[in-house]
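# Observations on the three-dimensional arrangement
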Amino acid sequence: MKFRKLNSAIIPKASAAVRASRGTALQLFDLRRRKDEANRRVEAARDRLEAVDVFGLRRELEEALREQAEVEAKLTELQGSNVLMAG
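These lines cover the structure that appears in this document, whether it is placed above or below. (Residues numbered from 1 in each chain as written. Predicted model: local features only at pLDDT ≥ 70, side-chain atom pairs only at ≥ 80, totals over all residues. Heavy atoms only, no water.)

### Side note on the overall build of the chain
Summing up its helical and strand segments, the chain has 2 helices and 0 strands in all. Of all 87 residues assigned to the chain, the portion counted as buried reaches 1%. (Helix = DSSP H or I, 4+ residues; strand = E, 2+ residues; numbered from the N terminus. Buried < 20%, exposed > 50% of the residue type's maximum accessible area, 1.4 Å probe, protein only.)

Structure (structure tokens):
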């Protein structure tokens, strides 16, 4: 049987190519996993946003602001009458 002597320079190059290939494959796997996670988060955020009744929240805010203004006006009126009584 004859054995051919392998060129020692070829083996390290092949190993480096395999390592680079594995590194690239791991990066691709990680990036795809991260993309899937980001896609799921975006979808969940969209679902939550669609579930929010924006007009209902606006109406609630306007009612709260109106009540706040009424209370503020009554406070100002009472404080003004207290000053008049004290004076």
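### Quick word on the pattern of salt bridges
Side chains bearing opposite charge may pair, as long as their charged atoms lie close to each other. Scanning the entire structure with this criterion turns up 2 salt bridges. Residue Arg-33 pairs with Asp-30 through a salt bridge whose shortest N-O separation is 2.4 Å. Of this pair, Arg-33 and Asp-30 both sit in helix α1 (residues 10-51), 3 residues apart, roughly one helical turn. Of the charged contacts in the structure, one is a salt bridge between Glu-37 and Arg-33, with a shortest N-O distance of 3.0 Å. Within this pair, Glu-37 and its partner Arg-33 are both found in helix α1, separated by 4 residues, close to a single helical turn. Sharing partners across several salt bridges, the network here consists of Asp-30, Arg-33 and Glu-37. (Salt bridge = Lys/Arg side-chain N within 4 Å of Asp/Glu carboxyl O.)

### Focus on a nonpolar patch on the surface
Among the surface-exposed residues, Val-52, Val-54 and Leu-57 lie close enough to one another that they form a single nonpolar patch of about 240 Å² accessible area. Considering the arrangement of structural elements, one finds Leu-57 in helix α2 (residues 54-86). Assessed through its relative accessible area of 46%, Leu-57 is described here as partly exposed. (Patch = residues over 30% accessible without salt bridge, like charges linked within 9 Å, V, L, I, M, F, W, Y side chains within 5 Å. Areas by Shrake-Rupley, 256 points an atom, 1.4 Å probe, with all protein chains shown as cover.)

Interpretation note: all reported values are geometric properties and have no functional meaning in isolation.
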